[in-house]
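Spelled out, the chains give:
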Amino acid sequence: MLCGLQIVDFTMTTRPKLGLPSKSDSPTASDRDPARKPVRNSTAKSRTLSRNTTQVAPPAKTPRGRDGAPRRDMGDRPPRKDFSDRPPRTERGERPARAPGADDAPKRPWTPRPERDSRPPRAEGGERAPRGNFADRPPRSDRGERPARTSGADDAPKRPWTPRPERDSRPPRAEGSERPRSAKPAAAPLRPAKPWEERDMDKKGRVKAVPAEDGDDHPKDGIRVSRWLADRGAASRREADDWIVRGWVTVDGEVAVLGQRVLSHQKVEVNKEARADQALRVTVLMHKPVGFVSGQAEDGHEPASVLFVPENQWMGDKSGQTFNRNHLRGLAPAGRLDIDSHGLLVLTQDGRVARVLIGEDSTIEKEYLVRVRATKSFGNGPLSEVFPAESLALLNHGLELDDQPLKPAKVSWQNEEQMRFVLREGKKRQIRRMCDAVGLEVVALKRVRIGRIPLADLPVGKWRYLRPDEAF
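Nothing here was measured: the structure is a model prediction, and the numbers come from that model.

### A word on the overall build of the chain
Along its length, the chain carries eight helices and 16 strands. The buried share of the chain, reckoned over its 472 residues, is 27%. Here the chain has roughly 36,800 Å² of accessible surface; of this, 50% comes from carbon and sulfur atoms.

### Comments concerning empty space enclosed by the protein
Tallying each qualifying case throughout the model produces one cavity of 30 Å³ or more. Along the walls of the largest cavity sit Leu 394, Leu 395, Asn 396, His 397, Gly 398, Leu 399, Leu 406, Lys 407, Ala 409, Leu 423, Gln 430 and Met 434, which together make up its complete lining. Of all the elements in the fold, those that place two or more residues in the lining of the largest cavity are helix H7 (389-396) and helix H8 (430-437). Ranked by residue count, the leading element in the lining of the largest cavity is H7, at three residues.

### Some details on the pattern of salt bridges
The final tally for this structure, using the stated rule, is 13 salt bridges. The shortest N-O distance in the salt bridge between Glu 365 and Arg 449 comes to 3.3 Å. Here the residue Glu 365 occupies a position in the loop between helix H5 (351-358) and strand E9 (366-374), and Arg 449 occupies one in strand E14 (residues 440-450), the gap between them amounting to 84 residues. Overall, the relative accessible area of 17% leaves Glu 365 in the buried class. Judged by its relative accessible area of 18%, Arg 449 falls in the buried class. By sharing partners, the salt bridges in this structure join Glu 365, Glu 367, Lys 410, Arg 420, Arg 424 and Arg 449 into a single network.

### Things to note about the sheet that holds strand E2 (residues 249-251)
With antiparallel pairing, the three strands of this open sheet are ordered in space as E3-E2-E5. Two strands close off the open sheet at either side, each with one partner strand: strand E3 (254-255) and strand E5 (268-270). One ladder, built from three bridges, connects E2 with E5; its direction is antiparallel. Residue pairing across strands places Val 249 opposite Val 270, the latter belonging to E5.

### A closer look at the packing of aromatic side chains
Counted under the stated rule, the structure contains seven aromatic pairs. Ring geometry for Phe 387 versus Trp 413: centroids 5.7 Å apart, planes at 70°, classification edge-to-face. Of this pair, Phe 387 sits in the loop between helix H6 (383-386) and H7 while Trp 413 sits in strand E12 (residues 410-413), and the two are 26 residues apart along the sequence. Judged by its relative accessible area of 7%, Phe 387 is buried. Ring geometry for Trp 463 and Tyr 465: centres 5.1 Å apart, planes at 85°, overall edge-to-face. There is no split in this pair, since Trp 463 and Tyr 465 are both buried. An aromatic cluster of three or more residues is present, and its members are Phe 308, Phe 323, Trp 463 and Tyr 465.

### A look at the environment of Asp 241
Along the chain, Asp 241 falls in helix H3 (residues 237-246). By relative accessible area, Asp 241 is classed as partly exposed at 28%. Those residues in contact with Asp 241, other than ones at most four positions away along the chain, are Ser 226 and Leu 258. Within the structure, the side chain of Asp 241 is placed 3.3 Å from the side chain of Ser 226, a separation counted as a polar contact.

### Focus: the confidence of the model for the chain
One rule of thumb: low pLDDT means the predicted coordinates there are not for detailed reading. Per-residue pLDDT for the chain averages 75, and the proportion of residues at 70 or more is 60%. Scored below 50 in pLDDT, residues 182-191 shows five contacts in the model against residues more than four places distant or in partner chains. Residue range residues 203-218 is modelled with pLDDT below 50. Its contacts to residues more than four positions away, or to other chains, number 28 contacts.

### Quick notes on the pairing of E12
Only one face of E12 is covered, namely the face carrying Val 411 and Trp 413; the face carrying Lys 410 and Ser 412 is uncovered. In this structure, E12 lies alongside strand E13 (residues 418-423), joined through four bridges in antiparallel fashion. Each bridged residue has a counterpart across the sheet, and for Val 411 the counterpart in E13 is Phe 421. A loop of four residues connects E12 with E13, the two strands running antiparallel in sequence.

### Describing unusual backbone geometry
Unusually for a residue other than glycine, Asp 402 sits at a positive phi of about 60°. Locating Asp 402 in the fold gives a position in the loop between strand E10 (400-401) and strand E11 (404-405). In this structure Asp 402 comes out as exposed when scored by relative accessible area, which is 57%.

### Section: the side chain of Thr 250
On the secondary structure map, Thr 250 appears in strand E2. Apart from the residues within four sequence positions on either side, Thr 250 is in contact with Val 255, Ala 256, Lys 267, Val 268, Glu 269 and Asn 271.

### Side note on H8
Since the α-helix advances by 3.6 residues per turn, residues separated by three or four positions end up pointing in the same direction. Within H8, the full set of buried residues consists of Gln 430, Ile 431, Arg 432, Met 434 and Cys 435. For H8, the elements touching its buried residues are E9, H7, E10, E13 and E14. Count one or two residues on from H8 and you reach Gly 439, which has phi positive near 85°.

### With respect to the environment of Gly 222
Among the structural elements, Gly 222 can be located in the loop between helix H1 (44-52) and strand E1 (223-224). Note: C-alpha distance between Gly 222 and Gln 260 (38 residues apart in sequence) is 9.3 Å.

What counts and how
- Residues numbered from 1 in each chain as written.
- Predicted model: local features only at pLDDT ≥ 70, side-chain atom pairs only at ≥ 80, totals over all residues.
- Heavy atoms only, no water.
- Helix = DSSP H or I, 4+ residues; strand = E, 2+ residues; numbered from the N terminus.
- Buried < 20%, exposed > 50% of the residue type's maximum accessible area, 1.4 Å probe, protein only.
- Areas by Shrake-Rupley, 256 points an atom, 1.4 Å probe, with all protein chains shown as cover.
- 1 Å grid on protein atoms, 1.4 Å probe; cavity = no way out; pocket = protein on both sides within 12 Å on 5 of 7 lines; lining within 4 Å.
- Points joined across faces, edges and corners; volume = space filled by probe spheres on them.
- Salt bridge = Lys/Arg side-chain N within 4 Å of Asp/Glu carboxyl O.
- Pairing = 2+ DSSP bridges.
- Phe/Tyr/Trp six-rings, centres within 6.5 Å; stacked < 30°, edge-to-face > 60°.
- Contact = heavy atoms within 4.5 Å.
- Polar contact = N/O pair within 3.5 Å; in protein donor to acceptor, adjacent residues only side chain to side chain.
- pLDDT = per-residue confidence, 0-100.

Here it is, written out as structure tokens:
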């Protein structure tokens, strides 16, 4: 084992000994070929081979134009054309003579037209004499008599209006008014249908014919079948004509024809196909306000049917139906509601619904909330407590109107001044007359239910359609 410091001789090996050129003999950076790329390797041998290896420069690029085609060598371009032999241009003042063949003939002198030879010349400072055929023309008005126009408007007085010969029959326009414009003919107004309760119906809900003054149901010459159906509320005339064209209407067992007339003793029937068409008819539930009559207009009061417009349809209507003008045809109230009352009112196009509500064998209940006050003294205390029990029992059953006994009713007190009436019939002002008979006066009346259909949240003056899943 060796111990201590030892000196090792490392002799430097020079580049010439290795057979390599010295750094002073190598070309400078400025003498090197720019196309020659140096390669850096880890060993001296590799560096020597890289520097001694000749690298080929890439071929020069051929110049090309925008279209990609090689450009033409300008060395083979032909010389420009020599224009030394071209004759000099002539000045405008030295215009050469025309070539032979042009029109060099002199123009003929001007001569007046033959038809103007007889025209007298105009005198100096004077006017030209009128032509022969216009001698009777009136002279023109002098422009100097025209009044000066004011700035911005014509204040000259207008001549009085005179009617044209073809407009003598037209009435003059009133001063300050506009002439009425010719408007398109408006659709024929829909007459309010006659209330169902005012129509004479049999037990099956069929409308009977209205007798004429002579006792016959119809005039002697008869009426059209379409009118016969329209008068009974079965359909409109147009709809009845469509039924007749389709062969859905028979007269005495034979298919009716368009324009056929029917007499009072003849039997008119409608097929099942037309009945299916009736299923498209609508029933409307309306919250009638005070001041509207349920039926036709009377004493200046409008019928409730005028409220049946798209603007008044309730937002909570879940029937899925939209307003249609055809829904107005034959739409009539099924039941009365006085002008001083408000609440649920039914308007329908379907006679079957009307028969269920107001037919002779109808058993549909109608519920009312009535606020009353005493017209005579019943004692001290709340009216509901001092009102005689005998009078309350009489309201439930035992009263007569127009010499006819009333059907049993359900009458009870709701609070000190309000009563609840449930009726199965609807005579004119029945509740008010019943209360008058027992010493009470109706202050307010509201119908809240018809059969199984309640008024619920329907606002005053609004309406909705009867849903298919609803029935009275």
